[in-house]
Amino acid sequence: MINIIRILAAIMLLALSGCAGNSFKIEFELPTDVNATFRIVYYASDKKGGITLETVAVVTNGKGNLKCPARNPSLIYLYTGSSQTSPLALYAERGNDIRITGQSADPYSWTAEGNEINKELSAWRNSNAKILSGNDTAEKNRAIASFVTANPESPVATILLLTSFSRIDNETLFRRLWLSLKGEAADRRWTELAARADIPAGKAPTPGKLRSMTVRSLGNGTDTIRPDSAEATILFFWHNGLADRKQRIDSIRALSKEFPDSARRIIADVCLDPDSIVWRSPLRSDSLSNVTRLWMPAGLADRRLIQLAVTRSPFYIVFSQDGHQRYRGDDTGEALSAFREIISKE
């Protein structure tokens, strides 16, 4: 039934392209040695609803063109087929003629026109082509952050955050940048264009606040984690088999020695494996002291972790005394820095 509805919606939108102006066009003018088929994905909508459409643009001897049905503005993802290249984000309004030109086969060197947003997106990609071609996600995030910080009112900043920023690698930075957007850049329509279900109503949701959580523990049977009972709390979530677990545990050990007064802080590691033997086995060689060793056998399906928005491991959450999450992510250094910012040495 769902497939029938999608087909009917697609037919409806395709019919729109027959009406004057209810479409946009993409044209390619690339080097003559470029022969490729590019996948095009975008969300097409009208006042009755919308659907994600997927089509292809065939480029022969560097030239090609494609007509796409659209009534409302759309964000387009152009996949070049290279495993080293992320899809290019483009913006289209009905009636736009999006002309993509370039002097090489490198998509990050191409220029897309048709409207000012595409020109600015192209300029940003061109100036950061080397970074975008690399594998350093943190560097890519920093490049986006630099643009957003300098242009908080530009829709281009919003589009970069929605389409190119790796939120999973630095959710804290994403939320800070998202909240800094102003004016037109903060308009919820950009989120709707990107069809991002993880940012409802155009807002980056704040992960759940922790008041109290009782968890099975080594030695005590259970322990209750209450951020309001300490100045700062850090939880480290892990699965057995984690390649760099030793280094992460060593960092937790060093932190516990740096802040030995357990009355002032909570430092805990939380195993997410379902088997208690798998949980206990590596603990024998850890020789951790003054650290709470916890186990949540339901793993990521535990309703409390769902509320806290823990979706992967390894993962850290640092809580302030009011239970709010001050850091969340998988970077050990940033997690420890956030913890130290909250609690000071005597």
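To be clear, the structure that these remarks concern was listed above.
Quick caveat, the model's predicted, so the values are computed rather than measured.

Rules used in this analysis
Residues numbered from 1 in each chain as written. Predicted model: local features only at pLDDT ≥ 70, side-chain atom pairs only at ≥ 80, totals over all residues. Heavy atoms only, no water. Axes fitted to C-alpha atoms, helices over the stretch in contact; angles between N-to-C directions. Helix = DSSP H or I, 4+ residues; strand = E, 2+ residues; numbered from the N terminus. Parallel < 35°, antiparallel > 145°, perpendicular 65-115°, else oblique. Left-handed = near helix turned anticlockwise from the far one by under 90°. Contact = heavy atoms within 4.5 Å. Pairing = 2+ DSSP bridges. Core = buried A, V, L, I, M, F, W, Y, C linked by side-chain atoms within 4.5 Å. Buried < 20%, exposed > 50% of the residue type's maximum accessible area, 1.4 Å probe, protein only. Nonpolar A, V, L, I, M, F, W, Y, C, P; charged D, E, K, R; others polar.

Help me understand the packing of helix α8 (residues 245-258) against helix α9 (residues 276-286), please; the structure alone is not making it clear to me.
Helices that pack against each other are described as a pair by the angle of their axes relative to one another and the distance between those axes. Contact geometry of α8 with α9 gives a least axis separation of 12 Å together with a crossing angle of 60°. Relative to α9, the element α8 is oriented oblique. For the pair α8 and α9, the crossing hand works out as right-handed. Facing α8, whose interface residues are Arg245, Ile249 and Arg253, α9 presents Pro282, Leu283 and Asp286.

Looking at this structure, I do not really get the sheet that holds strand β6 (residues 88-92). What am I missing?
Remark on secondary structure: sheet strands pair via backbone hydrogen bonds, oriented parallel or antiparallel. In spatial order, the strands read β3-β2-β5-β6; together these four strands make up an open sheet with antiparallel pairing. Pairing within the sheet leaves two strands with one partner each, and these edge strands are β3 (49-59) and β6. When the angles between neighbouring strand axes are averaged without regard to direction, this sheet yields 25°. Inspection of the sheet shows strand β5 (residues 74-79) paired to β6 by five bridges, in the antiparallel sense. Counted as the bridge partner of serine 74 is alanine 92 from β6.

What am I meant to see in the nonpolar core here?
Phe24, Ile26, Phe28, Ile76, Ile100 and Leu161 are the most contacted members of the largest nonpolar core, which totals 56 residues. For this core, the element with the most residues is helix α5 (residues 155-163), which contributes six residues. Look past the residues within four positions of phenylalanine 28 in its chain and what remains in contact with it is Phe38, Ala57, Val59, Gly62, Lys63, Gly64, Leu78 and Ile100. Ala232, Phe259, Val318 and Ala338 belong to the second-largest nonpolar core, a separate cluster that totals 23 residues.

Hey, could you run me through the packing of helix α2 (residues 116-127) against α5 in this one?
As a packed pair, α2 and α5 sit with axes 10 Å apart at the nearest point and diverge in direction by 60°. The angle between α2 and α5 places the two elements in the oblique class. The handedness of the crossing between α2 and α5 is right-handed. Counting all contacts with α2, which are made through Ile117, Glu120, Leu121 and Trp124, the residues of α5 involved are Pro155, Val156, Ile159 and Leu160. Per-class residue counts for the contact of α2 with α5 are seven nonpolar, no polar and one charged.

Teacher, can you tell me more about the sheet that holds strand β8 (residues 111-112) here?
Spatial ordering of the open sheet is given by β4-β1-β7-β8, a layout of four strands whose pairing is mixed. Each edge of the open sheet is held by one strand with a lone partner, namely β4 (63-69) and β8. Relative to β8, strand β7 (residues 97-101) runs antiparallel, the two sharing two bridges. What sits directly across from isoleucine 100, in β8, is alanine 112.

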